[in-house]
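# Breakdown of the fold
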Amino acid sequence: MIIRKSAREIQKIAAAGALVAETIAHVGSLLGPGVTTEELDSAAAAFIRERDGIPTSEGYKGYPKAICISPNDVVVHGIPDGYVVAEGDLVTLDVGVTLDGYIADSAYTFGVGAIAPESQSLLDTGQNALAAGIAEAVAGNRVGDLSHAVQMVVERAGFSVVRSLVGHGVGRHYHEDPHIPNFGEPGRGPLLSEGMTIAIEPMITAGDSEVAVMDDGWTIRTADGSMSAHFEHTVAITAEGPRILTPRVGLARSVEV
Ligand code: MF3
Ligand code: CO
């Protein structure tokens, strides 16, 4: 069942979304060679709680940490631990925040220091794919229009979309209907309509699209060990078009999606 939101509810998700964006910027500013992902997680948890938010991931289906931090071939759901970040890494911060009962969800992949040209291309493609998906988040379109737009950007660049992981509706619950796949056919799938709030989140790899779940039950890596990137925004479908509820703040590059 798709739950559409009132303007008032969308404002609450936007308030949560602002804190998500600030958290990503804050933790991103701490990201560098030598820091551990566990240290970054502690900083995220403190930052969110000091601002009256709740880290939505903590305790979600038993997830043990405040945010997900996924380096290199870890696509999603990396559990912060003693991993020491190194120059050249691609590190994804995936942050959900609950504020006043409403949730926003966003992810961003940072390059650490000097990164390989192919890694930069993967990041650029992930951002372009997210932008293409957001542009299709318009009332009257179908989910397949959005999914197809994401897929085309990624595959034209020579990269792959992960097919077994999808975006989702978001609001009072972390994961609501509909699923938002990152591949699909135009004109197919659920109709998008005003008041829907969805997390659009291309998860892409430099190699093929297969992934594997590690023994901890959470960490999902590329099966071929290739690099991955993940960009996510919570977006409302409004009469005025797509509205990003997790707009980036404080990141180094001027144009960021
Ligand atoms: N934030 C993730 C998403 O984009 C969900 C993480 S669930 C967790 O949908 F339990 F792993 F945190
Ligand atoms: Co999500």
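Calculation notes
- Residues numbered from 1 in each chain as written.
- Chains lettered and ligands numbered in written order.
- Predicted model: local features only at pLDDT ≥ 70, side-chain atom pairs only at ≥ 80, totals over all residues.
- Heavy atoms only, no water.
- Donors = N, O, S within 2.8 Å, 3.2 Å for Na, K, Ca; no water.
- Tetrahedral: all angles 85-135°; square planar, octahedral: opposite > 155°, others 65-115°.
- Helix = DSSP H or I, 4+ residues; strand = E, 2+ residues; numbered from the N terminus.
- Near = heavy atom within 4 Å.
- Polar contact = N/O pair within 3.5 Å; in protein donor to acceptor, adjacent residues only side chain to side chain.
- Areas by Shrake-Rupley, 256 points an atom, 1.4 Å probe, with all protein chains shown as cover.
- 1 Å grid on protein atoms, 1.4 Å probe; cavity = no way out; pocket = protein on both sides within 12 Å on 5 of 7 lines; lining within 4 Å.
- Sits in = over half its atoms within 2 Å of the grid points.
- Nonpolar A, V, L, I, M, F, W, Y, C, P; charged D, E, K, R; others polar.
- Buried < 20%, exposed > 50% of the residue type's maximum accessible area, 1.4 Å probe, protein only.
- Lys, Arg positive; Asp, Glu negative; His and termini not counted.
- Salt bridge = Lys/Arg side-chain N within 4 Å of Asp/Glu carboxyl O.
- Contact = heavy atoms within 4.5 Å.
- Expected span 1.5 Å × (residues − 1).

With that out of the way, let us pick up the coordination of the cobalt ion (ligand 2). Binding of the cobalt ion (ligand 2) to the protein goes through D105 (OD), H168 (NE2), E201 (OE) and E232 (OE), at separations of 2.0 to 2.2 Å. Around the cobalt ion (ligand 2), the 6 donor atoms are arranged such that angles at the metal cover 54 to 169°; this shape is classified as irregular. Every donor residue of the cobalt ion (ligand 2) comes from the same chain, spaced as D-x62-H-x32-E-x30-E. Residue H168 is located in strand 7 (residues 167-169), and its partner E201 is located in the loop between strand 9 (197-200) and strand 10 (203-205); the two are separated by 33 residues in the primary sequence.

In the region of ligand 1, 13 residues are neighbours, and S57, D94, Y174, H175 and E201 sit closest. At 2.9 Å from a nitrogen atom of ligand 1 is found a side-chain nitrogen or oxygen belonging to D94. The separation between an oxygen atom of ligand 1 and a polar side-chain atom of E232 is 3.0 Å. Bound to the protein, ligand 1 loses 97% of the 340 Å² it would expose on its own. When each cavity is represented as a set of grid points, ligand 1 is found to reside in the largest pocket. Classifying every residue of the shell around ligand 1 by side-chain character gives 5 nonpolar, 4 polar and 4 charged.

Turning to its location among the elements, D145 is positioned in helix 4 (residues 143-156). The buried charged residue D145 lacks any salt bridge, with R142 as its nearest oppositely charged partner at 6.4 Å. Within the local environment of D145, its side chain forms a polar contact with the backbone nitrogen of G187, the two atoms lying 2.9 Å apart. The residues contacting D145, other than those within four sequence positions of it, are E136, E185, P186 and G187.

A word on helix 2 (residues 37-50). Taking 1.5 Å as the rise per residue, helix 2 with 14 residues should run 20 Å; its terminal C-alpha atoms sit 20 Å apart, in good agreement. What helix 2 keeps buried is the set T37, L40, D41, A43, A44, A45, F47 and I48. Each element contacted by the buried residues of helix 2 is listed here: helix 1 (7-30), strand 1 (54-55), strand 2 (68-71) and strand 4 (90-99). Once helix 2 ends, the next one or two residues include D52, with phi positive near 70°.

Interpretation in functional terms is not warranted from these geometric data alone.
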